[in-house]
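One letter stands for each residue in the lines below.
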Amino acid sequence: MTSIQHNLQQVQQRISRAAEHCGRDRQQITLLAVSKTKPVSDIREAWQAGQRCFGENYVQEGVDKIAQTGDLTDTEWHFIGPLQSNKSRLVAENFHWCHTLDRLKLAQRLNDQRPAALPPLNVLIQVNISDESSKSGIALHDVEGLAAEINALPNLRLRGLMAIPAPEKEYQAQLAVCRQMAEALQTLQAAYPGIDTLSLGMSDDMEAAIEAGSTLVRVGSAIFGARHYPDAAS
Ligand SMILES: *Cc1c(COP(=O)(O)O)cnc(C)c1O
């Protein structure tokens, strides 16, 4: 067994144990393998081990990898990095999901650029839950307004919310932040029945995210190993 296969099994077990611990159905939680900076050969290995959903942060890197893995059936590509408006077309044309929608202008561009031959682009509103001025995402109280605007765009399908909480060591502190996101999702669900996704939890906080109600954990280093950043630019 390769280390990626082994790591995937470990992460799957962590997800199952976390779900069991809080009485949630394991089937409700999807593992997104974050392959940013990692070679296509790693993606192939993960696919061989049964992984189908992959996340990329840098537009051009992601588009190149999608092109190089066209032979891998059933893969689902999620764009999870900050998105500049001038790169929106590549996301609209190549990805299945965009997790980092945080402004109307970007939503309009993705809507207009989504090819008619493809199903609507699945989108998540990114929330700046830890209120860090350096991070992207909108404030919780702005979610409702943006959701209404996105909902009116026919080539986008609003699926839920995404957040990258500030790193916290304490489980209870992680849980408290994650619960704020879960509550926001419930509020949104009451208004839009199609909402079903909370993208929350990474290698170091996925247990708390799952206990709070995450339906999609984004895991990179625990699967592919530590990343080395040269000058990763999008
Ligand atoms: C890199 C990244 C991840 C994965 O982080 P790990 O700590 O390696 O699991 C998840 N989500 C986003 C948005 C990322 O940029």
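Coordinates for the structure precede this section.
Residues numbered from 1 in each chain as written. Predicted model: local features only at pLDDT ≥ 70, side-chain atom pairs only at ≥ 80, totals over all residues. Heavy atoms only, no water.

Student: Sorry, what's going on with the layout of surface pockets here?
Tutor: Sizing a probe to match a water molecule and rolling it over the atoms shows the empty space that remains. Quantified by volume, the largest pocket comes out at close to 640 Å³. No other element matches helix 7 (residues 171-191), which puts three residues into the lining of the largest pocket. Considered class by class, the residues forming the lining of the largest pocket number 13 nonpolar, 10 polar and seven charged. (1 Å grid on protein atoms, 1.4 Å probe; cavity = no way out; pocket = protein on both sides within 12 Å on 5 of 7 lines; lining within 4 Å. Points joined across faces, edges and corners; volume = space filled by probe spheres on them. Helix = DSSP H or I, 4+ residues; strand = E, 2+ residues; numbered from the N terminus. Nonpolar A, V, L, I, M, F, W, Y, C, P; charged D, E, K, R; others polar.)

Student: Even after reading the chapter, I still don't get the nonpolar core, so can you show me in this structure?
Tutor: Most often, soluble globular proteins keep nonpolar side chains buried together rather than apart. Core analysis: the largest hydrophobic core is formed by 64 residues, its most contacted members being Leu 110, Ile 125, Ile 150, Leu 156, Leu 161 and Ile 223. Considering each element in turn, this core owes the most residues, eight residues, to helix 7. When residues no more than four places from it in sequence are discounted, the contact partners of Ile 223 are Ile 4, Asn 7, Leu 8, Val 11, Leu 31 and Ala 33. In this structure, Leu 32, Val 34, Cys 53 and Leu 216 belong to the second largest nonpolar core, which totals five residues. (Core = buried A, V, L, I, M, F, W, Y, C linked by side-chain atoms within 4.5 Å. Buried < 20%, exposed > 50% of the residue type's maximum accessible area, 1.4 Å probe, protein only. Contact = heavy atoms within 4.5 Å.)

Student: What exactly am I supposed to notice about helix 3 (residues 59-68) here?
Tutor: If you check which residues of helix 3 are buried, you get Val 59, Gly 62, Val 63, Lys 65 and Ile 66. Down the axis of helix 3, the buried side of the element spans an arc of 165 degrees, and every buried residue falls inside it. If you follow the buried residues of helix 3, they end up packed against helix 2 (40-48), strand 2 (53-56), strand 3 (76-79) and helix 4 (88-94). (Arc of directions from axis to C-beta.)

Student: I would appreciate a short explanation of the site of the ligand in the present structure.
Tutor: Near the ligand, the surroundings consist of 13 residues, among which Lys 36, Asn 57, Ser 203, Ser 221 and Arg 227 are the closest. Contacts to the ligand include Asn 57, whose side-chain N or O atom sits 2.7 Å from an oxygen atom. A distance of 2.8 Å separates an oxygen atom of the ligand from a polar backbone atom of Gly 220. In isolation the ligand offers 390 Å² of accessible surface; the protein chains occlude 91% of this area. Along the lines of polarity and charge, the residues of the shell around the ligand split into six nonpolar, four polar and three charged. (Near = heavy atom within 4 Å. Polar contact = N/O pair within 3.5 Å; in protein donor to acceptor, adjacent residues only side chain to side chain. Areas by Shrake-Rupley, 256 points an atom, 1.4 Å probe, with all protein chains shown as cover.)

Student: Before we go on, may I ask you to explain the environment of Ile 138 in this structure?
Tutor: The residue Ile 138 is located in the loop between strand 5 (121-127) and helix 6 (143-151) in this model. Looking at Ile 138, the relative accessible area reads 12%, which means it is buried. Through-space distance from the C-alpha of Ile 138 to that of Arg 17 is 32 Å; in sequence the pair is 121 residues apart. Aside from chain neighbours lying at most four places away, what touches Ile 138 is Asp 102, Ile 125, Gln 126, Val 127, Asn 128, Val 143 and Leu 146.

Student: Looking at this structure, how should I read the side chain of Arg 218?
Tutor: Within the element layout of this structure, Arg 218 appears in strand 8 (residues 216-219). For the buried Arg 218, which has no salt bridge, the nearest side chain bearing the opposite charge is Asp 205, at an N-O separation of 6.8 Å. Of the polar contacts made by the side chain of Arg 218, one reaches the backbone oxygen of Ala 163; its length is 3.1 Å. In this structure the side chain of Arg 218 is engaged in a polar contact, spanning 2.9 Å, whose partner is the side chain of Ser 199. With near-sequence residues (within four places) excluded, Arg 218 lies in contact with Leu 32, Val 34, Ile 80, His 99, Met 162, Ala 163, Ile 164, Ser 199, Leu 200, Gly 201, Met 202 and Ser 203. (Lys, Arg positive; Asp, Glu negative; His and termini not counted. Salt bridge = Lys/Arg side-chain N within 4 Å of Asp/Glu carboxyl O.)

Student: Which parts of the structure should I look at to understand the packing of aromatic side chains?
Tutor: The relation between two aromatic rings is expressed through the spacing of the ring centres and the mutual angle of the planes. Scanning the entire structure with this criterion turns up two aromatic pairs. Plain terms: the ring middles of Phe 79 and Phe 95 are 5.5 Å apart, the flat faces sit at 75 degrees to each other, and that makes the pair edge-to-face. Residue Phe 79 is found in strand 3, and its partner Phe 95 is found in the loop between helix 4 and strand 4 (97-101); the two are separated by 16 residues along the sequence. We classify Phe 79 as buried; its relative accessible area is 0%. Judged by relative accessible area, which is 1%, Phe 95 ranks as buried. (Phe/Tyr/Trp six-rings, centres within 6.5 Å; stacked < 30°, edge-to-face > 60°.)

Limitation: the analysis is restricted to geometry and does not speak to function.
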